[in-house]
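# Geometric and topological summary
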Amino acid sequence: MKRLLVAMTCVASVTAVLAISACGGNSLNASSAAPKVIIDSDYNTLSDDGQLGVMAAQLQAQGSLNVLGITVVSGNQWLKQGVADALKSVERLGVEKQIGVYAGANYALSHDFATIQAEQKQFPGGDGYLGAWNNPEPKSDSDLVAPPDGFATHTKVQSKSAVDFIVDSVKQNPGEVTILAIGPLTNIALATRQHPEIVPLIKQIIYMGGAIDVPGNTTPTAEFNWWFDPEAAKAVLHLPIKQVVIPLDVTDTVKMDKALYDRVAHDPTKQTIITQLFKTLNGYGFDGKNGFETDPNYTTNIWDTLTLAYLMNPSFATQTVDEWVDVDMSFGANDGKATGYTSSPPAGLQKMTVVKRFDNPGFFNFYVDLLTRPVPLTLPN
Ligand SMILES: [Ca+2]
């Protein structure tokens, strides 16, 4: 039934995604069947969160998706920097009047830096990536780093908080809102804690998070998003909401290599500000030295972007497991570690769909297509 509905929105198959103009055209208006989403993100200019933002805006422009707003949380970067990057992102894309940016939580519920330092000292390992905690917290706008093409010039953060926006949006669209949870889960935990009446009204949550049957990244056992705020992750995982997990188990098998990078960065017929920024920000790696432009064998995950692909077309997932998923928040060696139970789960857990493998070639076509379309977009108010 669900597949049928998706088919009617012209994104039924991988190939159909590439033939949108034949069935949807550039209608510029999200149709009533278009999924309504909140992108809850530790946003950045054009790493995986920012890439998802571009892809979602393009889907909105063709009428296939209705992005209600972007709610920002600290994670990859501090909240203030994430908000600045998100504001520029929507302005750059020309969707600043349609997609508002809402500021959320600046700190995890209880996983503070003193705890993190103690954990790192006592239980060393992992990739050393602590996201926002790797950098000083910006205290004012003068501490922010401008995107390569400058800060937003006229787009302001919404006055409503991320938590209030999530609560109000869910109440206004009961049973219709999907949350793409592509950062730490602090905003969602706070919204559902303060307004538990929204829980049965949320359609589904699709996470990028967790490392279930594979090693972690930030620590030997924990994936970054759930590690950053394990208390929030545990709270949200326990909510009786339809949930889909895109963990490291699958994102580790969907890597961008030089050939895929080149399809976005170096197609001479499709150069845009997005493809230029993609090259600037991904071609030289996180350290500005090691990336696709300097090392032909370089690879990277494109984690969050899989959540949007799954929403638009669940058949991108070629292998899934239905299991109960929990996360450790003991502030010990396994803080933020995800565990999947295929039977006999502890009390209070929800069974959810865990994606294990993806249709990589199909997904890569979807990814390249949406990242190389013309910008800026022209959308109606
Ligand atoms: Ca993210």
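This text follows the structure it describes.
Described in the following lines is the structure provided in the data block.

### Observations regarding the overall build of the protein chain
Check the secondary structure of the protein chain and you find 15 helices and 11 strands. Relative to a compact globule of 381 residues, whose C-alpha radius of gyration would be 21 Å, the protein chain shows 19 Å and is just as compact. With the C-alpha coordinates aligned to their principal axes, the bounding extent of the protein chain is approximately 55 × 50 × 40 Å. Here the protein chain holds 381 residues, and the buried ones make up 56% of them. A sequence separation of at least 24 residues applies to 82% of the contacts in the protein chain between residues at least 6 apart. Carbon and sulfur atoms make up 54% of the accessible area of the protein chain, which totals about 14900 Å².

### Examining the coordination of the calcium ion
At 2.2 to 2.5 Å from the calcium ion lie its protein donor atoms, namely Asp 42 (OD), Asp 49 (OD), Asp 49 (OD), Ile 182 (O) and Asp 304 (OD). The motif formed by the donor residues of the calcium ion, counted along the single chain, is D-x6-D-x132-I-x121-D. In this pair, Asp 49 sits in helix α4 (residues 48-61) while Asp 304 sits in the loop between β8 (300-301) and α14 (305-312), placing the two residues 255 residues apart along the sequence. Taking relative accessible area as the criterion, Asp 304 reaches 2% and is therefore assigned buried.

### Looking at the pattern of salt bridges
Inspection of the entire model under this criterion finds 12 salt bridges. A salt bridge links Asp 168 to Lys 160; its shortest N-O distance comes to 2.7 Å. Two residues, Arg 373 and Asp 369, come together in a salt bridge whose shortest N-O distance is 2.7 Å. Each member of the pair, Arg 373 as well as Asp 369, is classed as buried.

### Notes on helix α5 (residues 79-93)
Under the 1.5 Å per step criterion, the end-to-end length of α5 is 21 Å for 15 residues, consistent within 8% with the ideal 21 Å. For α5, the buried fraction is high: 14 of the 15 residues fall into the buried class. Positive backbone phi, at 80°, marks Gly 94, one or two positions downstream of α5.

### A word on the sheet that holds strand β1 (residues 36-41)
What the 9 strands build is an open sheet, ordered β3-β2-β1-β4-β5-β6-β11-β9-β10; its pairing is mixed. Of all strands in the sheet, those bounded by a partner on one side alone are β3 (100-103) and β10 (338-341). Averaged over all adjacent pairs, the angle separating strand axes in this sheet is 30°, with direction ignored. Helix α10 (residues 230-237) rests against β5 (202-208), β6 (243-246), β9 (317-327) and β11 (351-358) of the sheet, and its axis sits at about 110° to β9.

### Here's the deal with the environment of Pro 220
Tracing the sequence through the fold places Pro 220 in the loop between β5 and α9 (224-228). Considered as a pair, Pro 220 and Gly 283 are 63 residues apart in the sequence and their alpha carbons are 27 Å apart. Non-local contacts of Pro 220, meaning those with residues more than four positions away in its chain, are made with Pro 124, Gly 125, Gly 126 and Pro 215.

### Here's the deal with helix α12 (residues 258-265)
Among all positions of α12, only Leu 260, Tyr 261, Val 264 and Ala 265 are buried. Down the axis of α12, the smallest arc covering the buried residues is 125°, so these residues share one side. Looking at the buried positions of α12, the neighbouring elements they touch are β7 (255-256), α13 (273-282) and α15 (360-371).

### Overview of the packing of α12 against α15
In contact at an axis separation of 9 Å, α12 and α15 are set at 25° when each is read in the N-to-C sense. Judged on the interaxial angle alone, α15 and α12 are roughly parallel. In the crossing of α12 with α15, the sense of the turn from one axis to the other is right-handed. Here Leu 260, Arg 263 and Val 264 of α12 come into contact with α15, specifically with Phe 364, Asn 365, Tyr 367, Val 368 and Leu 371. Its residues assigned to classes, the contact of α12 with α15 shows 6 nonpolar, 1 polar and 1 charged.

### Observations concerning the packing of α12 against α13
When two helices pack together, their arrangement is given by the angle between their axes and by how far apart the axes lie. One way to put it is that α12 packs onto α13 with a least axis distance of 8 Å and a crossing angle of 140°. Residues Tyr 261, Val 264 and Ala 265 of α12 form the contact with α13, whose own contacting residues are Thr 275, Phe 278, Lys 279 and Asn 282. Its residues assigned to classes, the contact of α12 with α13 shows 4 nonpolar, 2 polar and 1 charged.

Rules and cut-offs
- Residues numbered from 1 in each chain as written.
- Predicted model: local features only at pLDDT ≥ 70, side-chain atom pairs only at ≥ 80, totals over all residues.
- Heavy atoms only, no water.
- Helix = DSSP H or I, 4+ residues; strand = E, 2+ residues; numbered from the N terminus.
- Rg over C-alpha atoms; globule rule 2.2 N^0.38 Å.
- Buried < 20%, exposed > 50% of the residue type's maximum accessible area, 1.4 Å probe, protein only.
- Contact = heavy atoms within 4.5 Å.
- Areas by Shrake-Rupley, 256 points an atom, 1.4 Å probe, with all protein chains shown as cover.
- Donors = N, O, S within 2.8 Å, 3.2 Å for Na, K, Ca; no water.
- Salt bridge = Lys/Arg side-chain N within 4 Å of Asp/Glu carboxyl O.
- Expected span 1.5 Å × (residues − 1).
- Pairing = 2+ DSSP bridges.
- Axes fitted to C-alpha atoms, helices over the stretch in contact; angles between N-to-C directions.
- Arc of directions from axis to C-beta.
- Parallel < 35°, antiparallel > 145°, perpendicular 65-115°, else oblique.
- Left-handed = near helix turned anticlockwise from the far one by under 90°.
- Nonpolar A, V, L, I, M, F, W, Y, C, P; charged D, E, K, R; others polar.

So far we have only geometry, and geometry alone does not tell us how the molecule works.
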